[in-house]
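Close look at the chain arrangement
Here is what each chain is made of, one letter per residue.
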Amino acid sequence: MSSTSERSSEETFWCSICLEVFSEPVSTPCGHNFCKRCITEGPCTCPLCKRSYDRRPELSINTLLRELLSEAKLDKNKSSSMENMPVFSEVQCDLCSEPKLKALKSCLVCLSSFCETHLQPHLTVSGLKRHQLMEPVENLEDRMCPTHQCPLKLFCGTDQSCVCTLCGLLEHKNHELLSLEEACESRRSSLLHTQAQSQHMVEQRRLKVQEIQRCVELSDTEVHRERAVGLQAFTDLMQSVQRRQDRFLEELQEKQSRSHKRAQELVQQLEQEICELEKSSTEAERLSLSQDPLHFLQSCPALTPPAGLKEWSSVSFEPETCEGSAARALSELEKHLYKDFNKVFKQLPSRLELLRVQQFVVDVTLDPDTAHPRLVLSEDLKQVHDTDVEKKLPDSPLRFDRCVYVLGKQSFSSGRFYFEVQVKGKTGWTLGVAQESINRKGRIHLKKNGFWCIVLRNKDQYKACSDSLVPLSVQRAPQKVGVFVDYGEGLVSFYDADSADLLFSFSSCCFREKLIPFFSPCLNAEGSNSAPLVLTAV
């Protein structure tokens, strides 16, 4: 066989990306073959025909190529050189002249391979019939014992080598000997076990990679959360400093303006008196030059100093002092900053806690099949309000028939979840969760009947529906309420979603069935409570 044809045969089993023997050969939709690892790491384009795909194409395992590689016992080690690779060309008849035909059998005695024609003597001649034939292979000399020139039929487990029958009786007499088939099966079983172990270790490491990636994601989330809270805290403090700086500058400006105004008023009075005195002085000078005694004597008594002049010797101007203003302002800033710091640090834990539970947000919609006939739901099933009109709806075991309640479509039987509801403009509402089996007919009491909720009544009375109605201490009326449930911990918590204040928590609850978000906009109350409850995005 020519070197060119051998190279062509070898290249059939090369991946065109890594230029090594195929590992897990797969085929693309365009019909080209690559290593699974090579093609999945590259762009969505075939490296051979340059066909591009909008998304990563679906790859199919090339079973034929994989079986050929397995049968030929290709070296799985990608670092081995091509010189050590088996030649995958067809075995040719050793007796044919060119062109050589394909061999059908190889003879371990003759150490030759024969085509159908040249094989006939081994099938008909009695002496040749005793020769051992096998599937055609090359390099038959490698299958013969170099010492006894007999076929290698046994495997020595002690020396881990293939031997002939005579070697087994002589040099390997007391060794562990197996037939090639038995040894091959044992080695294959061991190899499969090793492969399974390797796959198990690979899976363990992949899980560890996923674990590390999850830890990194959680760390990133924590960093973003702390960054948001920290930036807000620093922003609040800087705004507080800026407000007090502006107030300090305004006070200085006001003092300066009052001083200027007072000085201007005094200067105007002085300039007016100066003007009057200069006028009187000019008139006196004019009369002193008169040569008419009668006129002089008649005018002189009238030349007296102007009336109403102020005694300026007792008048003094003292501008408003600014001395110590900066020190007083800084002292006041220190006091306020101390208060602001305390306020910020008190808010930090609650803000961080709210951010922590908000990562478990779920998309909740209202279930129209459970809504009381008086309730009106929006098309997107995110809003509900009460009307004075009760619609005629088919009776259903799911529907509340007396209390203006409605449930969410989603239910939860494990894990944690969080959702927010806008309650702005309402004078009454009820929010929480309920177990799936709650009674939906007739008058319903919310205390210890599978409900965990808080209520607003009469505009400002906030209560939790526990064993009894528990009054809540609310600093300001919440505009948006967050509801968090940890099913495994038996916890239901309610938050003011704007201030991050914890309104109330039910703890040590025993959940045995699915939980469903629970809502009531309460009665319309002749329009005073007409605002809807709104499920909002977090």
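In this report, we go over the structure that sits alongside the text. The model shown is predicted, which means the values in this text are computed figures rather than measured ones. (Residues numbered from 1 in each chain as written. Predicted model: local features only at pLDDT ≥ 70, side-chain atom pairs only at ≥ 80, totals over all residues. Heavy atoms only, no water.)

1. Observations concerning the overall build of the protein chain
To be explicit about the condition: Each helix is a run of DSSP H or I of at least 4 residues and each strand a run of E of at least 2, with the numbering of both proceeding from the N terminus. The contact criterion used is simple: two residues touch if any of their non-hydrogen atoms lie within 4.5 Å. All accessible-area figures derive from a Shrake-Rupley calculation using a 1.4 Å probe, and residue coverage is judged against the displayed protein chains alone.
From N to C terminus, the protein chain includes nine helices and 22 strands. Within the protein chain, contacts between residues at least 6 apart in sequence are counted, and of these 57% link residues at least 24 apart. Total accessible area on the protein chain is roughly 34700 Å²; 52% of this is exposed by carbon and sulfur atoms.

2. Side note on the pairing of strand 16 (residues 461-465)
To keep things clear, this is the line we draw: When DSSP locates at least two bridges between a pair of strands, those strands are taken to pair.
The sheet contact formed by strand 15 (residues 451-457) and strand 16 spans four bridges and is antiparallel. Counted as the bridge partner of Ile454 is Ala464 from strand 16. Where strand 15 folds back on strand 16, the antiparallel hairpin that results is connected by three residues, among which Asn458 adopts a positive phi of roughly 55 degrees. Here strand 16 runs beside strand 17 (residues 469-471); their pairing, made up of three bridges, is antiparallel. Bridging from a neighbouring strand, Lys463 pairs with Pro471 of strand 17. In this antiparallel pair of consecutive strands, strand 16 and strand 17, the connection spans three residues.

3. A short note on the layout of surface pockets
The condition that has to hold: A cavity, in this analysis, means grid points on a 1 Å lattice covering only the protein atoms where a 1.4 Å probe fits yet has no way out; a pocket is instead an open set bounded by protein on both sides within 12 Å along at least five of seven lines, and a residue lines either one if it has an atom within 4 Å of a point. Grid points are joined across faces, edges and corners, and a volume is the space filled by probe spheres set on the points.
Roughly 650 Å³ of volume is contained in the second largest pocket. Of all the secondary structure elements, the ones that give two or more residues to the lining of the second largest pocket are strand 15 and strand 16.

4. Here's the deal with the nonpolar core
Heads up, the rule is: Throughout this description, the term nonpolar core refers to a set of buried Ala, Val, Leu, Ile, Met, Phe, Trp, Tyr and Cys residues connected via side-chain atoms within 4.5 Å. Between buried and exposed lies partly exposed: a residue is buried under 20% and exposed over 50% of the maximum accessible area for its type, with that area taken using a 1.4 Å probe on protein chains only.
Among the nonpolar cores identified, the biggest contains 37 residues, and Phe419, Trp429, Ile454 and Phe519 are the most heavily contacted of them. In this view, Phe419 contacts Val362, Val364, Gly432, Val433, Val481, Gly482, Val483, Pro517, Phe519 and Leu535; residues no more than four positions away in its chain are not counted. Counting residues in each nonpolar core, the second largest holds 14 residues, with Cys403, Tyr405, Ala434 and Ile516 among its members.

5. Notes on unusual backbone geometry
Glycine aside, negative phi is the norm for most residues, and most peptide bonds take the trans geometry. Backbone torsion omega between Glu98 and Pro99 reads -5 degrees, so that peptide bond is classified as cis. For Pro99, the location among the structural elements is in the loop between helix 3 (63-71) and strand 4 (105-107). Phi is positive for Lys459, which is not a glycine, with a value near 75 degrees. Within the secondary structure, Lys459 sits in the loop between strand 15 and strand 16. Taking relative accessible area as the criterion, Lys459 reaches 61% and is therefore assigned exposed. The phi dihedral of Ser508 is positive, around 55 degrees, even though this residue is not glycine. Turning to its location among the elements, Ser508 is positioned in the loop between strand 20 (502-506) and strand 21 (515-520).

6. A few points about the environment of Ser396
With respect to the helices and strands, the residue Ser396 is situated in the loop between strand 11 (383-386) and strand 12 (406-407). Residue Ser396 is classed as buried on the basis of its relative accessible area of 18%. Sequence spacing of Ser396 and Arg440 is 44 residues, and the spatial spacing of their C-alpha atoms is 9.8 Å. With residues up to four places along the chain from it excluded, the contact list for Ser396 reads Asp369 and Lys441.

7. Things to note about the sheet that holds strand 3 (residues 60-61)
Reading across from one edge, 2-1-3 is the order of the three strands in this open sheet, with antiparallel pairing throughout. Across the chains shown, the open sheet's two edge strands, defined by having one partner strand only, are strand 2 (33-35) and strand 3. Across three bridges, strand 1 (residues 25-27) lies against strand 2 in antiparallel orientation. Within strand 2, the residue paired with Ser27 across the bridge is Asn33.

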